[in-house]
Amino acid sequence: NAGVTQTPKFQVLKTGQSMTLQCAQDMNHEYMSWYRQDPGMGLRLIHYSVGAGITDQGEVPNGYNVSRSTTEDFPLRLLSAAPSQTSVYFCASSYSTGAEGYTFGSGTRLTVV
Amino acid sequence: GQNIDQPTEMTATEGAIVQINCTYQTSGFNGLFWYQQHAGEAPTFLSYNVLDGLEEKGRFSSFLSRSKGYSYLLLKELQMKDSASYLCAVREGQAGTALIFGKGTTLSVSS
């Protein structure tokens, strides 16, 4: 049981490049979310999904796309990287009740130069 | 939308008790969560409150008052390893099921 797996762990991009951050969970969780964490700003919600085929925007969605074609996977796409997207990105998942808490992946540290 | 407030920093000594407060304003409350995050690591789940009252889990307890929009996390018998950030998060039932986080409280425990 791997939990929530994020890849890559570290990435450096040049301004304007695109890339996909991968997130996979093997716990059959319905809900999945993407957050970014910046110093002094806490965790901010980018996008979330309540099930396969359903996604919605969070607090800071601009510059990011998501899709949820399967229950297990929830990739985050950066369309045209900007230095303002330098951050640590966390993926999280949970059962629908949420009472057991949301499980976080180990994070992706992204630097855009 | 939500407004979640918690103190930025707190300090305490080993063996002591510390209470970390969290106040929130939300349009459709559906649960409050506390997470612990050590530097450079992912957040880990500590507690969940959806009804008023106290939930106890070993050295950690969490309290909720929905009418006051208020929660606290109580840490007893503090240990050095409790030095971490503590994150308060609220789930809004109407807006969806993702969590909205406060900015976190950094707790430093000294000997």
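Keep in mind that this is a model prediction, so the values were computed, not measured.

Visitor: Got a minute to help me understand the overall build of chain B in this structure?
Guide: Each helix and strand counted, chain B has 0 helices and 11 strands in total. Secondary structure elements in chain B, listed N-terminal to C-terminal, are β-β-β-β-β-β-β-β-β-β-β. Against the 2.2 N^0.38 benchmark of 13 Å for 111 residues, chain B shows a C-alpha radius of gyration of 14 Å, consistent with a compact globule. Projected onto the principal axes, the alpha-carbon positions of chain B cover approximately 45 × 30 × 20 Å. Expressed as a percentage of the 111 residues in chain B, the buried residues total 50%. Sequence-distant contacts, at least 24 apart, represent 56% of the contacts inside chain B between residues at least 6 apart. With an accessible surface of roughly 5,200 Å², chain B has 47% of that area assigned to carbon and sulfur atoms.

Visitor: It is not clear to me how the interface of chain A and chain B should be interpreted in this structure. Could you clarify?
Guide: How big an interface is tends to be reported as the loss of accessible area on association of its parts. On the chain B side, the residues contacting the 23 residues of chain A number 19 residues. Taken together, the links from chain A to chain B amount to 0 salt bridges. Listed by contribution, the elements that provide at least two residues to the side of chain A that touches chain B are strand 4 (31-38) and strand 5 (42-51) of chain A. In terms of residue count, the dominant contributor to the side of chain A that touches chain B is strand 5 of chain A (5 residues). Broken down by class, the residue content of the side of chain A that touches chain B amounts to 11 nonpolar, 10 polar and 2 charged.

Visitor: Help me understand unusual backbone geometry in this model?
Guide: Among all residues save glycine, negative phi is the norm, and among peptide bonds the norm is trans. At the junction of Thr 7 of chain A and Pro 8 of chain A, the peptide bond is cis and its omega measures out at -10° in the coordinates. You can see Pro 8 of chain A is positioned in the loop between strand 1 (4-7) and strand 2 (10-13). Phi at Asn 28 of chain A is positive, roughly 60°, even though this residue is not glycine. Looking at the secondary structure, you find Asn 28 of chain A in the loop between strand 3 (19-25) and strand 4. With a phi close to 45°, Glu 77 of chain B is a non-glycine residue in the positive phi region. With respect to the secondary-structure elements, Glu 77 of chain B resides in the loop between strand 8 (70-75) and strand 9 (84-92). Taking the relative accessible area as the measure of exposure, Glu 77 of chain B reaches 54% and is therefore exposed.

Visitor: How do you make sense of the pattern of salt bridges when you look at a structure like this?
Guide: A side chain with one charge may pair with a side chain of the opposite charge, provided their charged atoms come close. Summed over the entire model, instances satisfying the criterion amount to 5 salt bridges over all chains. A salt bridge links Arg 44 of chain A to Asp 38 of chain A, with the shortest nitrogen-to-oxygen separation between them at 2.8 Å. The class of Asp 38 of chain A is buried, set by a relative accessible area of 11%. One salt bridge connects Arg 59 of chain B with Asp 82 of chain B, and the closest N-O pair in it is separated by 2.8 Å. Placement of Arg 59 of chain B in the loop between strand 6 (53-57) and strand 7 (60-65) and of Asp 82 of chain B in the loop between strand 8 and strand 9 is noted, with a sequence separation of 23 residues between them. Connected via shared salt-bridge partners are Arg 36, Asp 38 and Arg 44 of chain A.

Visitor: What should I look at first to understand the side chain of His 29 of chain A in this one?
Guide: Among the secondary structure elements, His 29 of chain A is positioned in the loop between strand 3 and strand 4. Once residues lying within four places of it in the same chain are set aside, the contact partners of His 29 of chain A are Arg 68, Thr 71, Ser 93, Ser 94, Tyr 95 and Thr 103 of chain A.

Visitor: So what exactly am I meant to see when it comes to the sheet that holds strand 1 (residues 3-5) of chain B here?
Guide: Where strands meet in a sheet, backbone hydrogen bonds hold them as pairs that are either parallel or antiparallel. Residues and elements named next belong to chain B. Sheet architecture is open: 5 strands sit in the order 1-3-8-7-6, paired in antiparallel fashion. One side of each edge strand has no neighbouring strand; the edge strands of this open sheet are strand 1 and strand 6. Each adjacent strand pair in this sheet contributes to an overall mean axis angle of 15°, direction not counted. Inspection of the sheet shows strand 3 (residues 18-25) paired to strand 8 by 6 bridges, in the antiparallel sense. Among the inter-strand pairings, Gln 19 is bridged to a residue of strand 8, identified as Leu 74.

Visitor: Even after reading the chapter, I still don't get the state of the cysteines, so can you show me in this structure?
Guide: What we call a disulfide is simply a covalent bond connecting the sulfur atoms of a pair of cysteines. Enumeration according to the criterion identifies 2 disulfides over all chains in this entry. Sulfur-sulfur distance for the disulfide between Cys 23 of chain A and Cys 91 of chain A comes to 1.9 Å. Taking the torsion about the sulfur-sulfur bond, which here is approximately -70°, the covalent link between Cys 23 of chain A and Cys 91 of chain A counts as left-handed. Of the two residues, Cys 23 of chain A sits in strand 3 while Cys 91 of chain A sits in strand 9 (residues 87-94), which places them 68 residues apart along the sequence. Judged by relative accessible area, which is 0%, Cys 91 of chain A ranks as buried. For Cys 22 of chain B, the disulfide goes to Cys 88 of chain B, at an S-S distance of 2.0 Å. Judged by the torsion about the S-S bond (-70°), the Cys 22 of chain B/Cys 88 of chain B disulfide is left-handed. Remark: Cys 88 of chain B occurs in strand 9 and Cys 22 of chain B occurs in strand 3; sequence separation between them is 66 residues. Judged by relative accessible area, which is 0%, Cys 22 of chain B ranks as buried.

Analysis parameters
Residues numbered from 1 in each chain as written. Chains lettered and ligands numbered in written order. Predicted model: local features only at pLDDT ≥ 70, side-chain atom pairs only at ≥ 80, totals over all residues. Heavy atoms only, no water. Helix = DSSP H or I, 4+ residues; strand = E, 2+ residues; numbered from the N terminus. Rg over C-alpha atoms; globule rule 2.2 N^0.38 Å. Buried < 20%, exposed > 50% of the residue type's maximum accessible area, 1.4 Å probe, protein only. Contact = heavy atoms within 4.5 Å. Areas by Shrake-Rupley, 256 points an atom, 1.4 Å probe, with all protein chains shown as cover. Salt bridge = Lys/Arg side-chain N within 4 Å of Asp/Glu carboxyl O. Nonpolar A, V, L, I, M, F, W, Y, C, P; charged D, E, K, R; others polar. Pairing = 2+ DSSP bridges. Axes fitted to C-alpha atoms, helices over the stretch in contact; angles between N-to-C directions. Disulfide = S-S within 2.5 Å.

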